[in-house]
Amino acid sequence: MVTAAGPWDSTGQRTAERDRVVAREHTGGADHGRGSGAAGSPRPAPSAGAVLAALGGTTAPGGGTKAAPADGTALAEILDPLLEDPALGTHRAASVVDLTTGKRLYGLGGDVPLTPASTTKIATAVAALTALGPDHRLTTRAALEADTGELVLVGGGDPTLTAREDARGLASLRTLAEKTATALEKRDVRKVTLSYDTTFYAGAEMHPIGVNENLAPVTALMADEGRTDDSTSGPAPREGDPADAAARAFAGFLKQHGITASAPGPSKATDRSDTLATVSSPPLSALVERMLTNSDNDLAEALARHTAAASGRPADFDGASAAVGETLKRLGLPVGGARFHDGSGLDRDDLVTADLLTALLAEAADPARPQLRPVLTGLPVAGFTGTLAGRYTDGAAGLVRAKTGTLTGVNTLAGTATTPDGHVLAFAFLANETTDPWTAQYTLDKAATSLT
């Protein structure tokens, strides 16, 4: 499955990751530099091999991707002491599954719902890809009202819409303004009343966590996720009203092309309006990868709302949460006890089981569901990308791919690990009521490293 599905990309990044791991001449060691004598430390891992061989090659001495052994005794001997570490708080759960056979190799409270933090995004990704398909794009448009001459900037729920000069493949607000100005000039229009439409979404814009640098107000129109600095990921100061800020930027770009626009205000485009220009996001497959790699909360909330809209539900927090759960249930996944209150995992009332997380990863690995493959290829790569770029510098770099999750008192990790002889395992580790987040994170990293 892994050799057929990735992780490859058009830039050769994943190939470079593989080659770098091969070049490392470490003699093993899975305790991240804290010595091999610590109680409960995993057995040293052999020197890392290639993440993947080329398509048509092998990933193991015997050739091809192998199924993991049926006897999980050795795995329990390694994981049990690690998961009993007091650093993991008073509630912990774990699940390890062989992605080739779907058989569970290890379980600890796997059916107990716990707060998942950002590993919720794995569920959001599977639901969005199932409901919308990997080729779906999010479109922002400019529409002219025939009877009033009002120009309406209509938000399509694309938080990656950018006002920056270098769009880097994203939908560009500058391009939309240029195309709109050209269309207006053909109609001999040089001055417009500008408004903006955010009605694609419903309900409250503010997440239950309130004003927070991890998430902008959830609105169908925003540019650069409402960031007020030059950042593209992670916490950042945000616009109080991202839709108004995007519309004002749009007005400025129109002026550069000879169109004078009034100060914008909220409105709604009618069915009689004439679409003058559109810009569209990268395909959903790329958006899912970005969401998972960077743990992008704004994108997660947007994709949850698009899932709701595609399911015939209101695109608000309640509709999105219900749509995600219903979509996963239709896939036959073990959603018992799961509760979704948002798409990002920032809501502490979210509940997910370890068994559900590994089932989601197994579903994404199913040859019958190629549309879900971005869930795997978007996972951060240990030691290389996203939220794992600074972790696993020894032992498991390139061999673990996982979504992280962190809230106060919550540490989670879910993803895949490749063993030296070609086994591909899915794992999920959840720890709640932790008191030392760094020690808890270190312990979960050791558990994932032990799988390699």
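Structural notes, computed from the coordinates. The structure displayed is predicted, hence computed values, not measured ones.

### Some words on the overall build of the chain
Right, on to step 1. Scanning the chain from N- to C-terminus turns up 12 helices and 11 strands.
Right, on to step 2. When each of the 452 residues of the chain is scored for burial, the buried share is 55%.
Right, on to step 3. For the chain, long-range pairs separated by at least 24 residues make up 68% of all intrachain contacts whose partners lie at least 6 apart in sequence.
Right, on to step 4. If you sum the accessible surface of the chain, you get close to 17800 Å²; carbon and sulfur atoms cover 50% of it.

### Considerations on unusual backbone geometry
Right, on to step 1. Not every positive phi belongs to a glycine, and Ala117 is a case in point at roughly 55°.
Right, on to step 2. Topologically, Ala117 is positioned in the loop between strand E2 (104-108) and helix H4 (120-132).
Right, on to step 3. On the accessibility criterion, Ala117 (0% relative accessible area) is buried.
Right, on to step 4. Despite not being glycine, Asp224 has its phi angle at roughly 55°, a positive value.
Right, on to step 5. Examined against the element boundaries, Asp224 turns out to sit in the loop between strand E5 (191-197) and helix H6 (242-256).
Right, on to step 6. The exposure class assigned to Asp224 is buried, which follows from its relative accessible area of 13%.

### Let's talk about the pairing of strand E9 (residues 400-407)
Here is the key point about a regular strand: its side chains alternate between the two faces of the sheet.
Right, on to step 1. The buried fraction of E9 is high, at seven of eight residues.
Right, on to step 2. When E9 meets strand E10 (residues 410-418), the two strands line up antiparallel, connected through eight bridges. Within E10, the residue paired with Lys403 across the bridge is Ala414.
Right, on to step 3. Counting the residues between successive antiparallel strands, the hairpin from E9 to E10 contains two residues, one of them, Gly409, with a positive phi of roughly 80°.

### Things to note about the nonpolar core
Right, on to step 1. Formed by 44 residues in total, the largest nonpolar core has its most connected members in Ile122, Leu328, Phe340, Leu356, Leu357, Leu360 and Val375.
Right, on to step 2. Taken together, the elements giving at least two residues each to this core come down to H4, helix H7 (284-294), helix H8 (297-310), helix H9 (317-330), helix H10 (354-365), helix H11 (374-377) and strand E11 (424-432).
Right, on to step 3. If one sorts the elements of this core by residue count, H10 sits on top with eight residues.
Right, on to step 4. With residues near it in sequence (within four places) discarded, Phe340 still touches Thr120, Ala123, Ser321, Val324, Gly325, Leu328, Asp350, Val352 and Leu356.

### Some thoughts on the packing of helix H5 (residues 173-186) against H6
Right, on to step 1. Relative to each other, H5 and H6 sit at 50°, their axes nearing to 9 Å. In terms of axis orientation, H5 runs oblique to H6. Remark: the crossing between H5 and H6 carries right-handed chirality. Contact residues: H5 offers Leu173, Arg174, Leu176, Ala177, Thr180 and Ala181, while H6 offers Ala246, Ala249, Phe250, Phe253 and Leu254.

### Quick word on the pattern of salt bridges
Right, on to step 1. In the structure shown here, the tally under the stated rule is 15 salt bridges.
Right, on to step 2. A salt bridge links Asp445 to Arg391; the shortest N-O distance between them is 2.6 Å. You can see Asp445 sitting in helix H12 (residues 437-451) and its partner Arg391 sitting in the loop between H11 and E9, a full 54 residues away along the chain. Assigned by exposure class, Asp445 and Arg391 land together as buried.

Criteria and thresholds
- Throughout this description, residue numbers start from 1 for each chain and increase along the sequence as written.
- Local features in a predicted model are, by the rule used here, given only for residues with pLDDT of at least 70; side-chain atom pairs are given and counted only at 80 or more, and totals for whole chains, interfaces and linings are based on all residues.
- Water and hydrogen atoms were dropped before computing side-chain values, which therefore reflect all heavy atoms in the structure.
- Runs of E in the DSSP output that reach at least two residues are strands. Runs of H or I that reach at least four are helices, and both are numbered from the N terminus.
- For every residue, the accessible area obtained with a 1.4 Å probe (protein chains only) is divided by the maximum for its type, and the residue is called buried under 20%, exposed over 50%, and partly exposed between those limits.
- Pairs of residues are marked as contacts when any of their non-hydrogen atoms sit within 4.5 Å.
- Where accessible areas are quoted, they stem from the Shrake-Rupley method and a 1.4 Å probe; at the residue level, only the protein chains shown are allowed to cover.
- Think of it this way: DSSP has to see at least two bridges between two strands before they count as a pair.
- In these notes, a set of buried Ala, Val, Leu, Ile, Met, Phe, Trp, Tyr and Cys residues joined through side-chain atoms within 4.5 Å is what counts as a nonpolar core.
- Axes here refer to lines fitted to C-alpha atoms; in helices the fit is confined to the stretch in contact. Angles between the N-to-C directions go from 0 to 180 degrees.
- Here is the rule for angles: anything less than 35 degrees is roughly parallel, anything more than 145 is roughly antiparallel, 65 through 115 is roughly perpendicular, and the remaining ranges are oblique.
- The crossing is said to be left-handed when, going from far helix to near helix, the turn is anticlockwise and less than a right angle, and right-handed when the turn is clockwise.
- Here a salt bridge means any side-chain nitrogen of Lys or Arg lying within 4 Å of a carboxyl oxygen belonging to Asp or Glu.

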